[in-house]
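Here is what each chain is made of, one letter per residue.
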Amino acid sequence: MKLLLLVLLFLSAIAISPVLIGEKGYILIAMGDLTVESTVVTATIMLTLAFIALLMVLKFFRGGLNFSFAAWNKIAFANRRKALRDLNKGIAAYVLGDYKQAEHLLAKSAEASSLEHIAYLIAADAAQKQALKPNTEHYLALLEQKTNTLKVAGLEAILIKIKLLIGQQNYAQARQVIDEHHKHIGHDARLLSLEIELSLIEQRFDYVIKQLNAAKKQKSIDGQTITRWQQQAFYGAFNSLVKQQDNTALMEFWQQLTKKDKHNEVIVLAYCRVLAENQINQPLAKILLPILKKGADTHLLASVRTLPITQADSLMAAAQKHLHSEPHNALWLSLVAHFATASQQWSLAEKAFNSLVNLEGQPYDKVDLLAFSQVLEQQGQLDKANQVLRKIHA
């Protein structure tokens, strides 16, 4: 407004000055054959009126443009707002376990919402939870067409993708994605976990054994998971040595382990299982006899019952020695019964199992009942065997 007043004052001064000096003043404009002649006063008035008109037009159109932009914005982004609503509904359906609805809404809203990565990833997982493998593969293929950089997708999206690829048994592509982000393994426990899971599938057992030390330092990885990895990795490593090389290579590998590993229950059982499965009996007895004679590690001794032992005479003798001192001890009764079963001493096994199941407090478990039913079946006592089996499912 102040600028407008200054302009008007300036133009007024130009218009009045010729009058004050007694001259009207003329303006002559020539453009080719066209000439325009006017007095200074007239030209000034016309310019002032034109300037005012221009300001009024601009003010009118500015309000009109504001209205037009708001209307255009509302129309142009209507699809995106609807897509975002569908995306939110899809995520809610996924959380509530309605995977069919979640897949439909997320796939529908992916592109329009501009959140393709998260939409397709969750839609793929929802499809996988419905066992719709073609749908999962379709969404993963769509993701391949998008930018897959960590900066754009985020590490969480990369983790979901790896997990889905492993679930689809697309191990080669899962390995490729992990290797592309390998530098983050040491900094993110989730990526380390997926690396270990995939490596176990790939039978890279020695590599997993090395990675277990890093996994143990991660507080977010629970002990049960570490134990499972340890069992799978060491069993796989032991078994591979026997199959691909020989018994000597297996025992040399065992001897190279640290003292701590040789006293680790999970590793000891994995080693003993491979020895038992391959009927490497003398080294197996050498490992188990000291444990039996000491009799202190009851959890480990209970786990020995599940080993596929074929020659158990020396082991049974050690267990019987303890049983003579403690005739009502459930653990020693169970071990004697199982060792007798392994040695096909059916009468002795039946007697030990009968004593075990008649103890107060029912100290037996499904492992005992299953073996007991097999002993009875071997002796033709099918009715009794079925009665024992029914106790398992009771």
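Scope of this entry: the structure provided in the associated data block. (Residues numbered from 1 in each chain as written. Predicted model: local features only at pLDDT ≥ 70, side-chain atom pairs only at ≥ 80, totals over all residues. Heavy atoms only, no water.)

**What about the overall build of the protein chain?**
Regarding its fold elements, the protein chain presents 22 helices and 2 strands. Looking at the protein chain residue by residue over its 394 residues, the buried ones come to 39%. Here the protein chain has roughly 24,100 Å² of accessible surface; of this, 57% comes from carbon and sulfur atoms. (Helix = DSSP H or I, 4+ residues; strand = E, 2+ residues; numbered from the N terminus. Buried < 20%, exposed > 50% of the residue type's maximum accessible area, 1.4 Å probe, protein only. Areas by Shrake-Rupley, 256 points an atom, 1.4 Å probe, with all protein chains shown as cover.)

**Here we look at the nonpolar core**
Core analysis: the biggest nonpolar cluster contains 106 residues, and F238, L250, L288, I309 and F339 have the highest contact counts within it. If you tally residues by element for this core, the top one is helix α15 (residues 265–277), at 9 residues. Non-local contacts of L250, meaning those with residues more than four positions away in its chain, are made with F238, L241, V242, Y271, V274, L275 and I280. (Core = buried A, V, L, I, M, F, W, Y, C linked by side-chain atoms within 4.5 Å. Contact = heavy atoms within 4.5 Å.)

**Side note on the packing of aromatic side chains**
All told, the structure shown has 7 aromatic pairs when counted by the stated rule. Through a chain of ring-to-ring contacts, the aromatic side chains of F234, F238, F253, W254 and Y271 assemble into a single cluster. The cationic tip of R204 hangs over the ring face of Y207; the distance from NZ or CZ to the ring centre is 4.3 Å. (Phe/Tyr/Trp six-rings, centres within 6.5 Å; stacked < 30°, edge-to-face > 60°. Lys NZ or Arg CZ within 6 Å of the ring centre and 35° of its normal.)

**Structural notes on unusual backbone geometry**
Look at Q169: it is not a glycine, yet its phi comes out positive at around 60°. Along the chain, Q169 falls in the loop between α8 (155–167) and α9 (171–180). Classification of Q169 by relative accessible area gives exposed; the value is 56%. Not every positive phi belongs to a glycine, and Q344 is a case in point at roughly 60°.

**Re the packing of helix α19 (residues 330–342) against helix α20 (residues 346–357)**
For the pair α19 and α20, the least separation of the axes is 8 Å and the interaxial angle reads 155°. By the angle between their axes, α19 is roughly antiparallel relative to α20. Relative to α20, the crossing made by α19 is left-handed. Together, A330, L333, S334, V336, A337, H338, A340 and T341 of α19 and W346, L348, A349, A352, F353, S355 and L356 of α20 make up the contact between the two elements. (Axes fitted to C-alpha atoms, helices over the stretch in contact; angles between N-to-C directions. Parallel < 35°, antiparallel > 145°, perpendicular 65-115°, else oblique. Left-handed = near helix turned anticlockwise from the far one by under 90°.)

**Let's talk about the pattern of salt bridges**
Applying the stated rule across the entire model yields 11 salt bridges. A salt bridge links D86 to K82; the nearest nitrogen and oxygen atoms lie 3.4 Å apart. Of the two residues, D86 and K82 are both situated in helix α3 (residues 78–95); the distance of 4 residues between them amounts to about one turn of the helix. Residue D86 is classed as buried on the basis of its relative accessible area of 9%. Sharing partners across several salt bridges, the network here consists of R175, D179, E195, E202 and R204. (Salt bridge = Lys/Arg side-chain N within 4 Å of Asp/Glu carboxyl O.)

**Digging into the packing of helix α12 (residues 223–244) against helix α13 (residues 247–256)**
Orientation of α12 relative to α13, taken along the N-to-C sense of each, is 150°, at an axis distance of 7 Å. Along this stretch, α12 crosses α13, giving a crossing that reads as right-handed. Across the interface between the two elements, A237, F238, L241 and V242 of α12 pack against N247, A249, L250, F253 and W254 of α13. Grouping the amino acids of the contact of α12 with α13 by side-chain chemistry returns 8 nonpolar, 1 polar and no charged. (Nonpolar A, V, L, I, M, F, W, Y, C, P; charged D, E, K, R; others polar.)

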